[in-house]
Amino acid sequence: IVKKLNINFHQIIAVTFTNKAANEIKERVNKELGQHIDSPWIGTFHSIGARFLRKHSEYVGLKNNFTILDKDDQLRLIKQICISLDLDTKIDNPKSFSYMIDQMKNYGLSFDHISNHEYEKKTSGRLSQIYKLYQDRLQNYNAVDFGDLIMLPLKILKDNGSILNQYQEKFKYILVDEYQDTNASQY
């Protein structure tokens, strides 16, 4: 695209799933163009989401130095929430809630948009309650999880036309490695 169509590489965003694949894309681009290009817009869905979110964090009530929780931290937080609600964690398994919240984020669904979802029905309404408390605590801790690295940038783009226009003007080409593996939010 850059060489044959004379396109500025700054107009391209390229996303993939793993850091290894992202690094390989960068190496191939550098080799093909014969110069070192360290584009911040070649990376994983999550690294690009984090970069975008750090730049526009105030739009979702975060500071740009937010922390990214790993799976263990997420589970610990959900377990604390279950205990605070006097739920029996052997019956209301925090791992199950962690999985369900992650799935909701993969579909771009916040806690206030899942009232008819099968998981919400299966948990007799506890999922939305736990999901809301989980997001509230993340906000209080100035933290996000991996799902938020995709979902929150989407929220910012949907809610702020000027930011959306800025990125639509900036990027003319979107390259997605392993496109068939994208979830609804990534799409």
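Here the residue index of a chain counts from 1 through its sequence in written order. Since the coordinates come from a predicted model, pLDDT governs what is reported: local features require at least 70, and pairs of side-chain atoms require 80 or more to be given and counted, while whole-chain, interface and lining totals use all residues. Heavy atoms from the whole structure form the basis of all side-chain values; hydrogens and water molecules are not counted.

Engineer: Sorry, what's going on with the pairing of strand β1 (residues 12-16) here?
Structural biologist: For a regular strand, side-chain orientation follows a simple rule: the groups alternate between the two sheet faces. Counting buried positions along β1 yields five of five residues, so the element is predominantly enclosed. Partly exposed residues are those whose accessible area sits between 20% and 50% of the maximum for their type, while under 20% is buried and over 50% is exposed, using a 1.4 Å probe and protein chains only. Only DSSP runs of H or I with at least four residues qualify as helices, and only runs of E with at least two residues qualify as strands; both kinds are numbered from the N terminus onward. Neither face of β1 is open: one carries I12, A14 and T16, the other I13 and V15, and all of them are buried. Being paired, for any two strands, means DSSP has found at least two bridges between them. As paired elements, β1 and strand β5 (residues 173-176) share four bridges and run parallel to each other. Considered in β5, the bridge of A14 is made with L175. Inspection of the sheet shows β1 paired to strand β2 (residues 42-44) by three bridges, in the parallel sense. Looking at the pairing, A14 lines up with I42 of β2. Handedness of the β1-helix α1 (residues 19-33)-β2 crossover: right-handed. Note on handedness: a crossover is taken as right-handed if, strands pointing away from the viewer, the path from the first strand over the helix to the second is clockwise.

Engineer: Just checking my understanding: could you explain the sheet that holds β1 for this structure?
Structural biologist: In any sheet, the strands associate via hydrogen bonds between backbone groups, in a parallel or an antiparallel arrangement. One open sheet accounts for three strands, arranged β2-β1-β5; its pairing is parallel. The open sheet is flanked by β2 and β5, the only strands paired with a single partner. Neighbouring strand axes in the sheet, compared pairwise and without regard to direction, differ in orientation by 20 degrees on average. Contact between two residues is taken to exist if any of their heavy atoms lie within 4.5 Å; hydrogens are not considered. Note on definitions: angles span 0 to 180 degrees between N-to-C directions of axes, and those axes are lines fitted to C-alpha atoms, for helices only across the stretch in contact. Sitting on the sheet, α1 is in contact with β1 and β2, with an inclination near 170 degrees to β2. On top of the sheet, helix α2 (residues 45-56) reaches β1, β2 and β5; it is set at about 110 degrees to β2, its chief contact.

Engineer: What should I look at first to understand the packing of aromatic side chains in this one?
Structural biologist: Where two aromatic rings form a pair, the distance of their centres and the angle of their planes describe that pair. Between 30 and 60 degrees the pair is tilted, below 30 it is stacked and above 60 it is edge-to-face, where a pair is any two Phe, Tyr or Trp rings, Trp via its six-membered ring, whose centres lie within 6.5 Å. Under the definition given, this model contains eight aromatic pairs. Ring geometry for Y167 versus F171: centroids 6.2 Å apart, planes at 25 degrees, classification stacked. The same class applies to Y167 as to F171, namely buried. Each residue in the set W41, F52, Y167 and F171 is aromatic and connected to the rest through ring pairs, giving one cluster. The ring of F66 has R54 sitting right over it, with the charged end atom 3.9 Å from the ring centre. We call a charge positioned over a ring when the NZ of a Lys or the CZ of an Arg lies within 6 Å of the ring centre and within 35 degrees of the ring normal.

Engineer: Whenever I open this one, the pattern of salt bridges confuses me. Can you help?
Structural biologist: When charged atoms on two side chains of opposite charge get close, those side chains can pair. The term salt bridge refers to a pairing of a side-chain nitrogen on Lys or Arg with a carboxyl oxygen on Asp or Glu at a separation within 4 Å. Scanning the model with the defined rule gives nine salt bridges in all. With a closest N to O distance of 2.7 Å, R76 and D73 form a salt bridge. Note that R76 and D73 are positioned in helix α3 (residues 71-84) at a spacing of three residues, about one turn of the helix. Residue D136 is joined to K132 by a salt bridge in which the shortest nitrogen-to-oxygen separation is 2.8 Å. Note that D136 and K132 are positioned in helix α6 (residues 126-140) at a spacing of four residues, about one turn of the helix. Given a relative accessible area of 30%, D136 falls into the partly exposed group. For K132, a relative accessible area of 36% puts it in the partly exposed group. The structure contains a network of salt bridges with shared partners spanning K105, D145 and D148.

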